[in-house]
Amino acid sequence: MADIYTRAQRSALMARVRGRGNASTEGALAAVLRAAGWSGWRRQQAVRGRDARGEPFRVRPDFVFRFRRLVIFVDGCFWHGCPRHGTQPKGNAAFWCAKFRRNRERDRRDTRNLRRAGWNVVRLWEHALRAKARPELLARLRRVFAKARKSPTGRSG
């Protein structure tokens, strides 16, 4: 079926659609954090800073622990190109290849900027939330929480 919009109109229309995270994966991690007794996090809260060139940046991690200066991203296997589970649609392959490449580039840039700004950054694959992988996930998060310092003033600084 032909699109009723021109390519430019469709692009403008889709650019206005804003994602609000992935409720199922973020909800699963929230349940893991609650069950483990970890608190003090906010979801989808903006973190601002300056990149290496001094330009301002703004990132919305999935989970932000301001007092520990820790952010957690839950990367979907499809959208972020998981090496184990990522798939590429057969139709419009060039578009999807470029889209996934841009997503991975943005992820690297955001991680680099946050680390330079003094944040601890954790990236989890969606498949790490599966029941079979939970023990490994909990062990990793315990190590991260032990390492992530609390701000001496109790503020995010």
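Anything mentioned here points back to the structure above.
If you're wondering where the values come from, they're calculated on a predicted model, not measured in any experiment.

Helix length check: helix α4 (residues 134-147) (14 residues) gives 20 Å between terminal C-alpha atoms against 20 Å at 1.5 Å per residue, within 8%. Turning to α4, its buried residues number three or more, namely L137, L141, V144 and F145. Buried residues of α4, viewed axially, fall in a sector of 95°; they line one side. Those residues of α4 that are exposed and angled more than 90 degrees off the buried face are P135, E136, R143, A146 and K147.

Right, let's get into a nonpolar patch on the surface. Judged by side-chain polarity, I4, Y5 and L13 come together as a nonpolar surface patch covering roughly 310 Å² of accessible area. Turning to its location among the elements, I4 is positioned in the segment before α1 (7-15). Since its relative accessible area comes to 73%, I4 is described here as exposed.

What follows covers the packing of aromatic side chains. Considering all chains together, one arrives at 7 aromatic pairs under this definition. Ring geometry for W38 and F145: centres 4.6 Å apart, planes at 5°, overall stacked. Of the two residues, W38 is situated in the loop between α2 (23-36) and β1 (42-43) and F145 in helix α4; the sequence distance between them amounts to 107 residues. For the residue pair W38 and F145, the accessibility class agrees, reading buried in each case. With a centroid separation of 5.6 Å and an interplanar angle of 35°, the aromatic rings of W96 and F100 are classed as tilted. Taken together, the residues span about one helical turn, with W96 and F100 both in helix α3 (residues 93-116) at a distance of 4 residues. In this structure an aromatic cluster arises from ring pairing among F78, F95, W96 and F100.

Criteria and thresholds
Residues numbered from 1 in each chain as written. Predicted model: local features only at pLDDT ≥ 70, side-chain atom pairs only at ≥ 80, totals over all residues. Heavy atoms only, no water. Helix = DSSP H or I, 4+ residues; strand = E, 2+ residues; numbered from the N terminus. Expected span 1.5 Å × (residues − 1). Buried < 20%, exposed > 50% of the residue type's maximum accessible area, 1.4 Å probe, protein only. Arc of directions from axis to C-beta. Patch = residues over 30% accessible without salt bridge, like charges linked within 9 Å, V, L, I, M, F, W, Y side chains within 5 Å. Areas by Shrake-Rupley, 256 points an atom, 1.4 Å probe, with all protein chains shown as cover. Salt bridge = Lys/Arg side-chain N within 4 Å of Asp/Glu carboxyl O. Phe/Tyr/Trp six-rings, centres within 6.5 Å; stacked < 30°, edge-to-face > 60°.

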